[in-house]
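Structure at a glance
Each chain, letter by letter, is given below.
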Amino acid sequence: QEQEQEQEQEQEQEQEQEQEEKEDQQPRPITLDKERILTQEDFDRLEKLRVKKYLESKGMLGKRKSPLEDVDVDELDSSVPRRVNVSEIEEYRKKARTTREERMAAVQEGREGRVKYGQPKARGGGTTNKEKRRLKPFAMVKPKLVGKQKRSIHEKRTTYGNAIREQK
């Protein structure tokens, strides 16, 4: 029984070692330090990594043939496209607040050459009948509405017909 327990412990230790090795082999994400200023050596290292990644993606460089440290930028093909991602270098910066004069100037600039809209058309005379009905107190209109609801169908039909005949 003691031998079996020792064997089980050895197997557990071997499994733990294998898991640690797997964790060591997995690439860990690189975090950038926002307070540190990058030196020329850092930029050179980034350039080497960028070129190596490009060549690996094109199948020009085998993963097993050369590790990251062995790749030299000077020896590699100069036709590798140079791309700089601004978001990786700069951090987010909020726009500066504009002054009132600048905002008003931008508004006036946008209004130039535009037909005015949203203003009522100039018409002579007083208020229209629609405006009068809308502005009239509801207490004055209520008895008329109640009377219309109480009318019979025959009365409604005759008044509607008369209204149509008057329009002709």
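Residues numbered from 1 in each chain as written. Predicted model: local features only at pLDDT ≥ 70, side-chain atom pairs only at ≥ 80, totals over all residues. Heavy atoms only, no water.

**Here we look at the overall build of the protein**
Quick reminder of the rule: Helical segments are the DSSP runs of H or I of at least four residues, strand segments are the runs of E of at least two, and each set is numbered from the N terminus. A 1.4 Å probe rolled over the protein chains alone gives each residue an accessible area, and that area as a share of the maximum for its type sets the label: buried under 20%, exposed over 50%, partly exposed in between. By definition, residues are in contact when any of their heavy atoms lie within 4.5 Å. Computed by Shrake-Rupley with a 1.4 Å probe, the accessible areas treat only the displayed protein chains as cover when residues are assessed.
The secondary structure content of the protein amounts to seven helices and zero strands. Looking at the protein as a whole, 6% of its 168 residues qualify as buried. Long-range contacts, defined as pairs at least 24 residues apart, comprise 44% of the intrachain contacts of the protein with a sequence gap of at least 6. Surface exposure of the protein reaches about 17,700 Å², of which carbon and sulfur atoms provide 48%.

**A word on a nonpolar patch on the surface**
So the rule is basically this: A residue counts toward a patch only above 30% relative accessible area and without a salt bridge, and it is joined to like-charged neighbours within 9 Å or, for Val, Leu, Ile, Met, Phe, Trp and Tyr, to nonpolar neighbours within 5 Å. The term salt bridge refers to a pairing of a side-chain nitrogen on Lys or Arg with a carboxyl oxygen on Asp or Glu at a separation within 4 Å.
A contiguous nonpolar patch, built from Leu38, Phe43 and Leu46 and spanning about 250 Å² of accessible area, is present on the exposed surface. Within the fold, Leu46 resides in helix α2 (residues 40-58). By relative accessible area, Leu46 is classed as partly exposed at 44%.

**A closer look at a negative patch on the surface**
Our working rule: Charged residues are defined narrowly, with Lys and Arg counted positive, Asp and Glu counted negative, and His plus the chain ends left uncounted. Just so you know, the charge point we use is NZ for Lys, CZ for Arg, CG for Asp and CD for Glu.
Among the surface-exposed residues, Glu2, Glu4, Glu6, Glu8, Glu10, Glu12, Glu14, Glu16, Glu18, Glu20 and Glu21 lie close enough to one another that they form a single negatively charged patch. Along the chain, Glu12 turns up in helix α1 (residues 2-25).

**Points about α2**
Test applied: Expected span of a helix: the number of residues minus one, times 1.5 Å.
Compared with an ideal rise of 1.5 Å per residue, which puts 19 residues at 27 Å, α2 spans 27 Å between its outermost C-alpha atoms and is within 8% of the ideal. Of the residues making up α2, those classed as buried are Asp42, Glu47, Val51, Lys52 and Leu55.

**Structural notes on the confidence of the model for the protein**
Condition: Every residue carries a pLDDT, the predictor's confidence in it, which falls somewhere between 0 and 100.
Within the protein, residue pLDDT values average 77, and 73% of them lie at 70 or more. When mean pLDDT is taken per element in the protein, helix α4 (residues 100-111) scores highest with 91 and helix α3 (residues 86-89) scores lowest with 67.

**Concerning the environment of Arg103**
The residue Arg103 is located in helix α4 in this model. Looking at Arg103, the relative accessible area reads 36%, which means it is partly exposed.

**Some details on helix α6 (residues 138-150)**
Here α6 spans 18 Å end to end across 13 residues, near enough to the 18 Å set by a 1.5 Å rise per residue. For α6, a buried count of zero out of 13 residues is recorded, marking the element as mostly open to its surroundings.

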